[in-house]
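Report on the structure
For reference, the chains in residue letters:
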Amino acid sequence: MKKVCHLSTTHKFNDIRIFFKECVSLTKYNFDVTFITFDVNEFEMEISKVKIFNLKDPSYNYFIK
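In what follows, the accompanying structure is described. (Residues numbered from 1 in each chain as written. Predicted model: local features only at pLDDT ≥ 70, side-chain atom pairs only at ≥ 80, totals over all residues. Heavy atoms only, no water.)

A few words on the packing of aromatic side chains. This model, assessed by the stated rule, comprises 3 aromatic pairs. Both rings, one in phenylalanine 13 and one in phenylalanine 43, keep their centres 5.2 Å apart while their planes meet at 80 degrees; by these two values the pair is edge-to-face. Placement of the pair is phenylalanine 13 in the loop between β1 (2-7) and α1 (16-27) and phenylalanine 43 in strand β3 (residues 43-47), with a sequence separation of 30 residues. Residue phenylalanine 43 is classed as partly exposed on the basis of its relative accessible area of 24%. Seen in terms of ring centroids, phenylalanine 19 and phenylalanine 20 are 4.8 Å apart; in terms of plane orientation they differ by 85 degrees. Their pairing is edge-to-face. By relative accessible area, phenylalanine 20 is classed as partly exposed at 42%. An aromatic cluster of three or more residues is present, and its members are Phe19, Phe20 and Phe35. (Phe/Tyr/Trp six-rings, centres within 6.5 Å; stacked < 30°, edge-to-face > 60°. Helix = DSSP H or I, 4+ residues; strand = E, 2+ residues; numbered from the N terminus. Buried < 20%, exposed > 50% of the residue type's maximum accessible area, 1.4 Å probe, protein only.)

Next up, the structure:
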């Protein structure tokens, strides 16, 4: 099985264009897909055969966002 790791520093884990149109589509062609994003909270989950790792962004400015 081929593996793909999509790393995004600007998109949320549930971004329609990145997550659904790219990551989920690749799983339909038997790719093992991991999607790494950055946000306020850290978590791991799997949705539609895509492994999601949301890492805590150390540069996240809580006063601006």
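Another point: α1. Taking 1.5 Å per residue, 12 residues should reach 16 Å; α1 reaches 15 Å between its end C-alpha atoms and fits that length. Of the positions making up α1, those classed as buried are Ile18, Phe19, Cys23, Val24 and Thr27. Axial view of α1: buried residues confined to an arc of 130 degrees, hence all on one face. The exposed set on the far side of α1, more than 90 degrees from its buried face, consists of Ile16 and Lys21. Looking at the packing, one finds that the buried side of α1 touches β1, β2 (31-39), β3 and β4 (50-56). (Expected span 1.5 Å × (residues − 1). Arc of directions from axis to C-beta. Contact = heavy atoms within 4.5 Å.)

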